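Geometric and topological summary
Each chain, written out:
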There are 2 protein chains.
Amino acid sequence: MIGRLNHVAIAVPDLAAASAQYRDALGAKVSEPVEEPDHGVTVVFVELPNTKIELLEPLGEASPIAKFLEKSPAGGIHHVCYEVDDIGDAAARLQAKGARVLGDGEPKIGAHGKPVLFLHPKDFNGTLIELEQASAVMAP
Amino acid sequence: MIGRLNHVAIAVPDLAAASAQYRDALGAKVSEPVEEPDHGVTVVFVELPNTKIELLEPLGEASPIAKFLEKSPAGGIHHVCYEVDDIGDAAARLQAKGARVLGDGEPKIGAHGKPVLFLHPKDFNGTLIELEQASAVMAP
């Protein structure tokens, strides 16, 4: 079921500093910061040949990564995102296996404009897993 | 400088259970467990189309992931590994930028038989970064 690793997301307290590190010390290609107010984050994309790293800084009052940074002020790896062909099928299969989908259990439109869901980290070895449908159109 | 994301390593308390989850719930292709006594871990490789996930369980008395699992008994994302062309050049560049290489600062032969080094997570947003030379032969 799971396909490509779409990205690894790293929460950081200072996006400009983290971005400069990836560019200057690690010599990676980094994007300009992109504000995603609907998702409560500002993102810098680190482009690697086979996948990408997303550096996330909280944006706004209700950022989903604020609590993570309270616990880990220096930052840390926040989640991994795997691609799936059909997010509805994926949700049904996972729920049948007893895995909990965060929120109301329904896929949402994610930061890339594609349907996503998040699995409860307690069900997956302390790892927050995002699933993203590779195509933007959700099956009816 | 950094190239492909070679792998994401996830420390798990129960490798058989984690492996079954990735196979059965997430539908991924997983390897048999591989014991790496020299590195203090038993590993299951989750093969994705563009990279791999390494599920790590402690092996032996002095496992490098034992402390991590003491702090996070359910498991969690342990490190990310980026490929570099020349590990010696990478170490020199990073140290010139003030980043600390763990241990004595010298690259070691890693679990894949290739030269690796680890960067101090305090220097990289709480993220433990492994660098692995893509070719097995170290420059003199």
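Residues numbered from 1 in each chain as written. Chains lettered and ligands numbered in written order. Predicted model: local features only at pLDDT ≥ 70, side-chain atom pairs only at ≥ 80, totals over all residues. Heavy atoms only, no water.

**Quick notes on the UniProt feature "domain: VOC" (unreviewed entry) in chain A**
As annotated in UniProt, the feature "domain: VOC" (unreviewed entry) corresponds to residues 4–134 of chain A in the numbering used here. Within residues 4–134 of chain A, the helical portion is 21% and the strand portion 36%, while the C-alpha atoms at the span's ends are 9 Å from each other. (UniProt positions renumbered as here; feature names shortened; annotations may be inferred. Helix = DSSP H or I, 4+ residues; strand = E, 2+ residues; numbered from the N terminus.)

**Overview of helix 3 (residues 87–96) of chain B**
Each turn of an α-helix holds 3.6 residues, which means side chains three or four residues apart point in the same direction. All names here are of chain B. Of all the positions in helix 3, only Ile 87, Ala 90, Ala 91 and Leu 94 are classed as buried. Each buried residue of helix 3 sits inside an arc of 100° when the element is viewed along its axis, so together they form one side. In helix 3, those exposed residues whose orientation departs by more than 90 degrees from the buried face are Asp 89 and Ala 96. Of the residues flanking the start of helix 3, the one acting as N-cap is Asp 86, its side-chain oxygen 2.9 Å from the backbone nitrogen of Gly 88. Gly 98 sits one or two positions beyond helix 3 and adopts a positive phi of about 90°. (Buried < 20%, exposed > 50% of the residue type's maximum accessible area, 1.4 Å probe, protein only. Arc of directions from axis to C-beta. Polar contact = N/O pair within 3.5 Å; in protein donor to acceptor, adjacent residues only side chain to side chain.)

**Brief notes about the interface of chain B and chain A**
Facing 42 residues of chain B, the contacting portion of chain A comprises 42 residues. For the chain B and chain A pair, buried surface summed over both sides reaches about 3,300 Å², with 61% attributable to carbon and sulfur atoms. At the junction of chain B with chain A, the criterion picks out zero salt bridges. Across the chain B-chain A interface, the total number found is 19 residue pairs in polar contact (both at pLDDT 80 or more). If you list the elements that add at least two residues to the side of chain B that touches chain A, you get strand 1 (5–11), helix 1 (15–25), strand 6 (76–84), helix 3 and strand 9 (129–133) of chain B. Within the side of chain B that touches chain A, the residues separate by chemical class into 25 nonpolar, 11 polar and six charged. (Contact = heavy atoms within 4.5 Å. Buried area = accessible area lost by both parts, 1.4 Å probe. Salt bridge = Lys/Arg side-chain N within 4 Å of Asp/Glu carboxyl O. Nonpolar A, V, L, I, M, F, W, Y, C, P; charged D, E, K, R; others polar.)

**Topic: the relation of the copies chain B and chain A**
In screw terms, the move from chain B to chain A is a rotation of 180° and a rise of 0.0 Å along the axis, fitting with an RMSD of 0.0 Å. Taken together, the rotation and translation relating the two chain copies correspond to the operation of a two-fold axis. Taking the C-alpha atom as reference, chain B places Asn 50 of chain B closest to the rotation axis, 3.0 Å from it. When the interface residues of chain B are mapped onto chain A, 100% of them again fall at the interface, so both copies present the same face. (Least-squares fit on C-alpha atoms with pLDDT ≥ 70 in both.)

**Regarding the layout of surface pockets**
All names here are of chain A. Computed from the structure, the second largest pocket encloses a volume of approximately 560 Å³. The wall of the second largest pocket is formed by 29 residues, among which His 39, Pro 64, Val 116, Phe 118 and Glu 130 lie closest to the centre. Secondary-structure elements contributing two or more residues to the lining of the second largest pocket are strand 4 (41–47), strand 5 (52–58), strand 6 (76–84), strand 7 (108–109), strand 8 (115–119) and strand 9 (129–133). A total of three residues in the lining of the second largest pocket trace back to one element, the largest contributor, which is strand 8. Here the residues of the lining of the second largest pocket sort into 14 nonpolar, seven polar and eight charged. (1 Å grid on protein atoms, 1.4 Å probe; cavity = no way out; pocket = protein on both sides within 12 Å on 5 of 7 lines; lining within 4 Å. Points joined across faces, edges and corners; volume = space filled by probe spheres on them.)

**A look at the nonpolar core**
The nonpolar side chains of a soluble globular protein tend to be buried, and buried together. In terms of nonpolar packing, the biggest core is built from 62 residues, with Tyr 82 and Leu 131 of chain A together with Tyr 82 and Leu 131 of chain B touching the most fellow members. Not counting residues within four places of it along the chain, the set of residues in contact with Tyr 82 of chain A comprises Ile 2, Arg 4, Leu 5, Asn 6, Ile 129, Glu 130, Leu 131 and Glu 132 of chain A together with Ile 10, Tyr 22, Leu 48 and Ile 53 of chain B. (Core = buried A, V, L, I, M, F, W, Y, C linked by side-chain atoms within 4.5 Å.)

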